[in-house]
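Spelled out, the chains give:
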Amino acid sequence: MKVDIREIEPAVYSVLRGGKSFTARVIPSLGGYLVEVDGREFVLDVRDPRDAARRETASAGAGRQNLTASMPGKVVRVLVTEGQEVASGQGLIVVEAMKMQNEIKAAKPGRVAKIHVQDGATVEAGEALLIIE
Amino acid sequence: MKVDIREIEPAVYSVLRGGKSFTARVIPSLGGYLVEVDGREFVLDVRDPRDAARRETASAGAGRQNLTASMPGKVVRVLVTEGQEVASGQGLIVVEAMKMQNEIKAAKPGRVAKIHVQDGATVEAGEALLIIE
Amino acid sequence: MFQKVLIANRGEIAVRIIRALSEIGIRSVAVYSDADRASLHVRMADEAAHIGPAPSSQSYLNVERILDAARVHGAQAIHPGYGFLSENAEFAQACNDAGFVFIGPSPDSIRKLGSKTAGRRVAIEAHAPVVPGLEEPISSIHQAKAAAREIGYPVLLKAVAGGGGKGMRRVDAEGELEAAIRDASSEAQRSFQSSEVYMEKVVVNPRHIEIQVFGDRHGNLVHLDERECSLQRRHQKVIEECPSPLLSAFPEMRAAMGEAAVRIARAAGYYNAGTAEFLVDSERNFYFLEMNTRLQVEHPVTELVTGLDLVHLQLRVASGERLPFSQQDVSWRGSAMECRVYAEDPENGFFPSPGKIVHLAEPGGPGIRVDSGVYPGWTVPIDYDPMLAKLIAWSPDRKTTIERMVRAVEEYAVMGIHTNLAFFREILTDREFREGNLHTGFIDQFFERRPARGEPDAELRAIAEIVAAHHAGVRTQAPPRRASSQWLSNGRASLLR
Amino acid sequence: MFQKVLIANRGEIAVRIIRALSEIGIRSVAVYSDADRASLHVRMADEAAHIGPAPSSQSYLNVERILDAARVHGAQAIHPGYGFLSENAEFAQACNDAGFVFIGPSPDSIRKLGSKTAGRRVAIEAHAPVVPGLEEPISSIHQAKAAAREIGYPVLLKAVAGGGGKGMRRVDAEGELEAAIRDASSEAQRSFQSSEVYMEKVVVNPRHIEIQVFGDRHGNLVHLDERECSLQRRHQKVIEECPSPLLSAFPEMRAAMGEAAVRIARAAGYYNAGTAEFLVDSERNFYFLEMNTRLQVEHPVTELVTGLDLVHLQLRVASGERLPFSQQDVSWRGSAMECRVYAEDPENGFFPSPGKIVHLAEPGGPGIRVDSGVYPGWTVPIDYDPMLAKLIAWSPDRKTTIERMVRAVEEYAVMGIHTNLAFFREILTDREFREGNLHTGFIDQFFERRPARGEPDAELRAIAEIVAAHHAGVRTQAPPRRASSQWLSNGRASLLR
């Protein structure tokens, strides 16, 4: 299928493919690229744990949720214990950042396999918090 | 007076001076800079004839108007002759560009000192058209 | 309702139509010439079709290429926007013949009203007042001279197929007549593929007030009241507003003009959007000028005041729906104004100023709408009309709308090309403008009485010097920061162009 | 009217107030912390004053620094915006004592209504229904346990001085009570410098509907009808609209709630802008929750529907003018909706996502208003609320407004940080949302029933792969084009932050 691709602004592309028009924006994501096409994001060549986590939690398939911190913050309280069964939407960890306490919830039901942090811990972006299976 | 200047976007500056806030944008103008401050334009270190002309026609003081073409075009008709007295707003030259015929008018009354072009001539940006004194 | 619509236009109006299509759930097909591959309307459309080289005669005016694109992409209807083929009865006919709905009036209505001379005849039949002049195109210089003597100088030459002031010339004495006819004809030929011009009496410094009409294909026809477009330069509208300061003072005129407009439209079997243009003289007599058989550039001021979306309505009516309201349902609120932002240099005879937009900041916030056809980094091509965007402001009253417009103009920044933004600032703060004393000669008179501007504000100059010095320092010290050095080359390119 | 006004706030609301000041012809004075030197509100103001380090406790909550700035710059009045000191009676008092007009209600009204427990007492006196709960702050765990048993679980803990869901906790069983009180108190202390919390019965899945009231200093008091703010996550409003789908179906409720709001305001001697928040249960009973004694984040939806400018009105009323209209003059048109665009990651528990905005494209065109506090290249600081902008849409009807909002969200592009834009797309196309079946538990339930999203659209993925490959190619071939290589570093920086 004929493809016509033009960089119309730095890192912004206009793509015409099969008569359809798309606008795509590219930024580097650790090790690969984060490409936004008509409002949908694609992470290509993934090495950033955050993006890995995001895609897993986002993806339909059940199973492992590898929860990581998306920015520097402080763990206010861990609400679960290892081995505990958790329901979808159940609170797991309260982290504070940007003057907000954020309760990280389970996206799907499962069992807490591993907790990497404890109350009061300071976490960096991308740092693993806990794993649910 | 205390001045705090920050480049907040490429070539865009936020300036705090004496407690007042200004936004200034800079682009190179041939040989110097065109600086826009709160909607007013300043040409600093002028070498570009266009800017010279622009500032003269814009400036209050009467006297010489050095009219130049601001873009490539074609002279459709010269409406005056050398030595002719012209009134403010009187049509001098009709130039066609961007599918429009543009009648260049006298900004102030004066006498046509020199005409550099004739009917049908092709002109480049910055090229002198005529001088009014 | 249609599933897919092709837009036979470019720039801000194509973008505006794409937005309406998206809101109704219709797929949009943009068309583009070689000069427009990177244009905003191509980026924003769902689909896009190349229709030829830069010259509009070979692309945006190329009926066959446009119909081919509609066929290939499977569009059911074609929106012509304004300008280009929008008032071309043959194009409307060709769309219909090829099985596409032309989003506008019937070819027959366009023929009846599209040409200025024909429109005058319809208006006369509809008992609407017209400006004294010829009912037929000029056929010879002798006929022209005779007519001019009878009408009395000054007279105005106009392209029969005209619009936007193209092919228009004022003639003050018989000596100028022949050259003026030649100029007007050649410009008319270039702009409308028809060299026909005719003659009207010049109404000295009239107001230009137009009435928006709207009809469906079931015989319902309403008017959406007026827009005042008296601020023009070289017969090109610059600022439009709704309501008109004059008609706000004399509302009985509004009713009379509205009824005249509807009578004319009805006489032409009109449907979809149309605009009846009137001249109003100093004694408040109004004369029908012409019917624009399409969406107007300045339609947003009517939208903001009536709360209607004219492009949504065009699509609904074109798909066969009935107008969802009647005349008495049309309600008004507040005051709206539009400034046409052009790539041109007001200090240089409003000369077009194409080139690369190296920096762009558009205004926003309460009461501000920007219908833009550009984006930062885009190069304004030299091939087409230099309008970049329309800046539209609304507020409960005209005074506040003007203050809001000034605020928005101050937020608006375009670097790399000249624009008329600074000029708007002057007009909007002009006392005569604020008092609503408008007429088509306003801008020429403004340039005459315009305060001679001495050296600009010393404080701002000081800031400019500080910034220039700092900027030069930053740029020359060490390895110049990369982004900026590209700006340098962009900037230079745009000024060299 | 004032000549100069200081804005004791930051971000989009500071920008919005600066715009109003400019439109009225008043000079604006911005204040900024170390984290905000390059913020948009500092750029846009006429004057700017530094008031301390990044932590708001030392800057935007620092009364003395703010009053000093007002003195140094010669302001006559201070606009508090929302959040920060806007509902702090001591600050209002301090402004008045220092000779500045506080643009808001009197300190006395704030005291009477500002605290949730006091507000409940006023409402009861004004014969407005309130949610069963404590009239006093919690003083001991024993008192709390007793009260909770009497009210019946689940109960809600709330900061007495609260707002925006900060210091709020739902407690389902006595076992959780003590820890919850500790959490709520500490958060309340941090957010409002007061650790007091009280207790209310939980109304299960209520609608949140609020009434805008407005008064002048001459005893005139009107209401501007409702805003529905039921879409919340963690007690933080996400989407607000006017009119409320519920009250559109039951307009008699609108009148009753409007009258209750005015009674409460009158009982507190209220003037300037205020908002009475109500909960509505599934039987359509409404309960007064609290009065927000300030401008609301979501005020634009009321502005678009009523055509009034609430900030202009705040300034006029604060300067002593009378309300320019009475209750029966308030007219409504169409449907407005606001989406709060946050720097946060919906796929990651709505976790804040500060960082550098490497690319920004804001929507525009018909019916769209963007009240933004950011610009491309700006770094969202980690020190403050992560709201970037408010996206507001208007059209004649709710369905079209939603379609228009979807269109605008699709035009909106923010690169370098995560935002909730994609999440809005899902909500806006949700069937329950479109049917107007809203309640404060909506978003949690939405996440439960949310369609599991399989691999995204194969065509879009193909485009992404083409672009990534092309981009990598361009970037690695020859000397990388300069502008881009800076983008690379920006991007990395923002993701590493």
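Residues numbered from 1 in each chain as written. Chains lettered and ligands numbered in written order. Predicted model: local features only at pLDDT ≥ 70, side-chain atom pairs only at ≥ 80, totals over all residues. Heavy atoms only, no water.

Colleague: Sorry if this is basic, but what is going on with the overall build of chain A here?
Modeller: In terms of helices and strands, chain A carries one helix and 13 strands. Element order for chain A, N to C, with α for helix and β for strand: β-β-β-β-β-α-β-β-β-β-β-β-β-β. Residues classed as buried in chain A amount to 54% of the 133 residues present. The long-range share in chain A, meaning contacts at least 24 apart out of those at least 6 apart in sequence, stands at 38%. Of the roughly 5,300 Å² of accessible surface on chain A, 49% is carried by carbon and sulfur atoms. (Helix = DSSP H or I, 4+ residues; strand = E, 2+ residues; numbered from the N terminus. Buried < 20%, exposed > 50% of the residue type's maximum accessible area, 1.4 Å probe, protein only. Contact = heavy atoms within 4.5 Å. Areas by Shrake-Rupley, 256 points an atom, 1.4 Å probe, with all protein chains shown as cover.)

Colleague: Explain the sheet that holds strand β12 (residues 272-280) of chain C to me, please; I cannot follow it from the model alone.
Modeller: Strand pairing in a sheet relies on backbone hydrogen bonds. The paired strands run either parallel or antiparallel. Residue and element names in this part refer to chain C. Strands sit in the order β13-β12-β9-β10-β11-β14-β21-β19 across an open sheet of eight strands; the sheet is antiparallel. The open sheet has two free edges, formed respectively by β13 (286-292) and β19 (368-372), since each of these has just one partner strand. Taken over all neighbouring pairs, the strand axes of this sheet differ in orientation by 25° on average, direction set aside. Pairing between β12 and β13: six bridges, direction antiparallel. The residue bridging Leu279 from the neighbouring strand is Tyr287, located in β13. The strands touched by helix α12 (residues 310-318) within the sheet are β9 (207-215), β10 (221-233) and β12, with β9 carrying the most contacts at an inclination of about 40°. (Pairing = 2+ DSSP bridges. Axes fitted to C-alpha atoms, helices over the stretch in contact; angles between N-to-C directions.)

Colleague: Would you explain the interface of chain A and chain C in this entry?
Modeller: A common way to report how large an interface is uses the accessible area buried once the components associate. With 14 residues of chain A at the interface, the matching set in chain C holds 14 residues. Viewed at the interface, chain C and chain A are joined by two salt bridges. For the salt bridge of Glu9 of chain A with Arg43 of chain C, the shortest nitrogen-to-oxygen distance reads 3.0 Å. Secondary structure elements with two or more residues in the side of chain A that touches chain C: β1 (3-9), β2 (12-17) and β3 (20-29) of chain A. Top element by residues in the side of chain A that touches chain C is β1 of chain A. It accounts for five residues. A breakdown of the residues in the side of chain A that touches chain C according to their chemical character gives five nonpolar, four polar and five charged. (Salt bridge = Lys/Arg side-chain N within 4 Å of Asp/Glu carboxyl O. Nonpolar A, V, L, I, M, F, W, Y, C, P; charged D, E, K, R; others polar.)

Colleague: Can you walk me through unusual backbone geometry in this structure?
Modeller: For residues that are not glycine, phi is negative in most cases, and the peptide bond is trans in most cases. The omega angle of the peptide bond from Tyr153 of chain C to Pro154 of chain C is -5°, so this bond is cis rather than trans. Relative to the helices and strands, Pro154 of chain C is located in the loop between α7 (141-151) and β6 (155-159). Omega for the peptide link from Cys242 of chain C to Pro243 of chain C comes to 0°, which places this bond in the cis form. With respect to the helices and strands, the residue Pro243 of chain C is situated in the loop between β11 (236-242) and α9 (245-249). At Asp38 of chain A, a residue that is not glycine, the phi angle is positive and equals roughly 45°. Its location among the elements puts Asp38 of chain A in the loop between β4 (32-37) and β5 (40-44). A residue is classified by how much of its surface remains accessible, and Asp38 of chain A, at 30% relative accessible area, is partly exposed.

Colleague: For this particular structure, what's the right way to read the side chain of Glu411 of chain D?
Modeller: Note that Glu411 of chain D resides in helix α13 (residues 398-411). A polar atom in the side chain of Glu411 of chain D sits 2.7 Å from the side chain of Arg19 of chain C. If we ignore the near neighbours within four places in the chain, the residues touching Glu411 of chain D are Arg19 and Met44 of chain C together with Ala361, Pro363 and Gly364 of chain D. (Polar contact = N/O pair within 3.5 Å; in protein donor to acceptor, adjacent residues only side chain to side chain.)

Colleague: Would you explain the packing of helix α14 (residues 421-428) of chain C against helix α16 (residues 442-449) of chain C in this entry?
Modeller: Helix-helix packing: each pair is described by the crossing angle between the helix axes and the interaxial distance. Residues and elements named next belong to chain C. Interaxial distance between α14 and α16 falls to 12 Å at its minimum, and their mutual angle equals 85°. As summarised for this structure, α14 and α16 are arranged roughly perpendicular, according to the angle between their axes. Counted together, Phe423, Glu426 and Ile427 of α14 and Phe442, Ile443, Phe446 and Phe447 of α16 form the full contact between these two elements. For the contact of α14 with α16, the residue count by class is six nonpolar, no polar and one charged. (Parallel < 35°, antiparallel > 145°, perpendicular 65-115°, else oblique.)

Colleague: Sorry, what's going on with the confidence of the model for chain A here?
Modeller: All names here are of chain A. This prediction gives chain A a mean pLDDT of 79; 81% of its residues lie at or above 70. Mean pLDDT across the secondary structure elements of chain A bottoms out at helix α1 (residues 49-58), with 39, and peaks at β2, with 96. Every residue in residues 46-62 is under pLDDT 50, and counting partners more than four places away or in other chains gives 40 contacts. (pLDDT = per-residue confidence, 0-100.)

Colleague: Sorry if this is basic, but what is going on with helix α3 (residues 63-73) of chain C here?
Modeller: Because an α-helix packs 3.6 residues into every turn, residues spaced three or four apart end up facing the same way. All names here are of chain C. When we look at burial in α3, the residues that qualify are Ile66, Leu67, Ala69, Ala70 and His73. Burial along α3 is one-sided: seen end-on, the buried residues are contained in an arc of 155°. Where α3 is buried, its residues touch β1 (4-7), β2 (27-32), β3 (47-50), β4 (77-79) and α4 (89-97). Two to three positions downstream of the cap, the backbone nitrogen of Glu64 sits 3.2 Å from a side-chain oxygen, assigning the N-cap of α3 to Asn62. Within two residues after α3, Gly74 carries a phi angle of roughly 70°, on the positive side. (Arc of directions from axis to C-beta.)

Colleague: Help me understand the state of the cysteines, please; the structure alone is not making it clear to me.
Modeller: Chemically, a disulfide is nothing more than a covalent bond linking the sulfur atoms of two cysteines. Inspection of the entire model under this criterion finds zero disulfides over all chains. Cys339 of chain D takes part in no disulfide bond, and the closest cysteine sulfur to it belongs to Cys229 of chain D, at a distance of 12 Å. (Disulfide = S-S within 2.5 Å.)

Colleague: Is there a simple way to explain the pairing of β12 of chain C in this structure?
Modeller: On any regular strand, side chains alternate: one points to one face of the sheet, the next to the other face. Residues and elements named next belong to chain C. Burial runs high along β12: nine of the nine residues are buried. Both β9 and β12 contribute to a ladder of nine bridges, which runs antiparallel. Residue pairing in the sheet places Gln212 in a bridge with Thr275 of β12.

Colleague: Mind showing me how you'd approach the confidence of the model for chain C here?
Modeller: The predicted structure's coordinates, where accompanied by low pLDDT, should not be read in detail. Residue and element names in this part refer to chain C. In this model, chain C carries a mean pLDDT of 91, and residues with pLDDT of at least 70 account for 94%. A low-confidence stretch, residues 477-497 (pLDDT under 50), is modelled with 40 contacts involving residues beyond four sequence positions or located in other chains. Here the complex is predicted with pTM 0.85, and the ipTM for its interfaces comes to 0.84.

Colleague: How do you make sense of the pattern of salt bridges when you look at a structure like this?
Modeller: Side chains that differ in sign of charge can pair as their charged atoms come close. By the definition in use, this model includes 106 salt bridges over all chains. A salt bridge links Arg449 of chain C to Asp430 of chain C, with the shortest nitrogen-to-oxygen separation between them at 2.5 Å. One end of the pair, Arg449 of chain C, is in helix α16; the other, Asp430 of chain C, is in the loop between α14 and α15 (431-434), and 19 residues separate them in sequence. Accessibility expressed as a relative area gives 11% for Asp430 of chain C, which makes it buried. One salt-bridge network, in which partners are shared between bridges, spans Arg16, Arg19, Glu23, Glu303, Asp309, Arg369 and Asp371 of chain C together with Arg404, Arg407 and Glu411 of chain D.

Colleague: Help me understand the packing of aromatic side chains in this model?
Modeller: Any two aromatic rings considered together are summarised by their centre-to-centre distance and by the angle between their planes. Counting across every chain of the model gives 26 aromatic pairs over all chains. Their ring planes at 80° and their centres at 5.5 Å tell us that Tyr60 of chain D and Tyr384 of chain D sit as a pair that is edge-to-face. In this pair, Tyr60 of chain D sits in the loop between β3 (47-50) and α3 (63-73) while Tyr384 of chain D sits in the loop between β20 (379-380) and β21 (387-395), placing the two residues 324 residues apart along the sequence. Pair check on accessibility: Tyr60 of chain D and Tyr384 of chain D agree, each one buried. In textbook terms, an aromatic cluster arises when at least three aromatic residues are bridged by ring pairs, as seen for Phe350, Phe423, Phe446 and Phe447 of chain C. Directly above the aromatic system of Phe442 of chain C lies the positively charged group of Arg449 of chain C, at a separation of 5.1 Å from the ring centroid. Arg43 of chain D extends its terminal NZ or CZ atom over the ring of Tyr375 of chain D, reaching a point 4.5 Å from the ring centre. (Phe/Tyr/Trp six-rings, centres within 6.5 Å; stacked < 30°, edge-to-face > 60°. Lys NZ or Arg CZ within 6 Å of the ring centre and 35° of its normal.)

Colleague: Please clarify how the environment of Phe91 of chain D should be interpreted in this entry.
Modeller: All names here are of chain D. Counting through the fold element by element, Phe91 comes out in helix α4 (residues 89-97). On a C-alpha basis, the gap between Phe91 and Ile368 in space is 35 Å, while along the polypeptide they are 277 residues apart. Once residues within four sequence positions are removed from consideration, Phe91 is found in contact with Ala8, Val63, Ile66, Ile78, Leu85 and Phe102.

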